[in-house]
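Reading the structure
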Amino acid sequence: PNPINFGEVLSGDSKVISVSIRNTGSAQAELMNDFIELGSSEDFSLIDPPTFPVQIAAGSDTFVDVNYVPTLRDIDEGWLVIAYKDAGAQALEKIRIQGLEVGPELSISPPKIDFGWVPIQSEAVQELAVHNMGQHNLKITGVYTAPGTNEDVGVKNAPDGTLEIAPGENTIFN
């Protein structure tokens with residue numbers, strides 16, 4: 001396929017597309033190399049590339065497996081480059097690669113909590129809203145204060161186990 005379009009891939013998942021390299025000529029062709037072009041997204045890779053050169057008989061094909069493991073919420077683009085010899089002449093074929101990472105998107109408000117002045121032996125409670133702005137469930141496996149935080153500060157309603165927040169929903173912590 002040209003382009004190689006992975007479509008939407010969930011953050012943390014992996015998707016492989018097998019690309020057929022077909023010799024449509026009447027004589028044997030030789031696959032000299034295949035690689036992801038420099039400057040392409042690092043989220044694309046080749047799985048078990050063959051030992052080169054690879055002989056491809058007329059009317060036959062070989063396959064290259066392209067792997068996509070998205071790491072940043074963004075559109076990923078790149079090029080698969082195929083170097084080959086056909087009738088003794090060297091040539092390059094470039095195939096566009098694209099994919100889009102999708103998943104949950106964490107948003108927290110307010111970004112900073114200030115309790116102000118609190119009398120000794122008193123309690124002050126502030127709300128912290130966790131929003132899922134993404135397209136898939138947000139899984140929260142723990143809510144706690146950062147190392148070095150005063151031991152008098154804590155999260156009153158931290159979940160036991162995993163908490164899932166659906167797209168467009170939020171949860172309030174105290």
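Scroll up a little and you will see the structure.
Heads up: these notes are all about the structure in this document.

Rules used in this analysis
- Residues numbered from 1 in each chain as written.
- Predicted model: local features only at pLDDT ≥ 70, side-chain atom pairs only at ≥ 80, totals over all residues.
- Heavy atoms only, no water.
- Pairing = 2+ DSSP bridges.
- Helix = DSSP H or I, 4+ residues; strand = E, 2+ residues; numbered from the N terminus.
- Axes fitted to C-alpha atoms, helices over the stretch in contact; angles between N-to-C directions.
- Core = buried A, V, L, I, M, F, W, Y, C linked by side-chain atoms within 4.5 Å.
- Buried < 20%, exposed > 50% of the residue type's maximum accessible area, 1.4 Å probe, protein only.
- Contact = heavy atoms within 4.5 Å.

1. Some words on the sheet that holds strand 10 (residues 128–132)
Strand order in the open sheet formed by three strands is 9-10-13, and the pairing between neighbours is antiparallel. Where the open sheet ends on each side, the last strands, each with one partner, are strand 9 (106–109) and strand 13 (170–173). Looking at each pair of strands side by side, their axes are set apart by 20° on average, direction ignored. Strand direction decides the pairing type here: strand 10 and strand 13, joined by four bridges, are antiparallel. Of the residues in strand 13, the one forming a bridge with histidine 131 is asparagine 170.

2. As for the nonpolar core
Ranked by internal contacts, the top residues of the largest apolar core, which has 19 residues, are Ile4, Phe6, Val19, Val66, Leu80 and Ile97. Mapped onto this core, the elements with two or more residues apiece are strand 1 (4–10), strand 2 (15–22), strand 3 (29–36), strand 4 (44–47), strand 5 (54–56), strand 6 (61–68), strand 7 (75–86) and strand 8 (89–102). Filtering out sequence-adjacent residues up to four positions away, isoleucine 4 remains in contact with Ile17, Val19, Val66, Leu80, Ile95, Arg96, Ile97 and Gln98. In terms of nonpolar packing, the next biggest core, distinct from the first, is built from five residues, Val130, Leu138, Ile140 and Phe173 among them.

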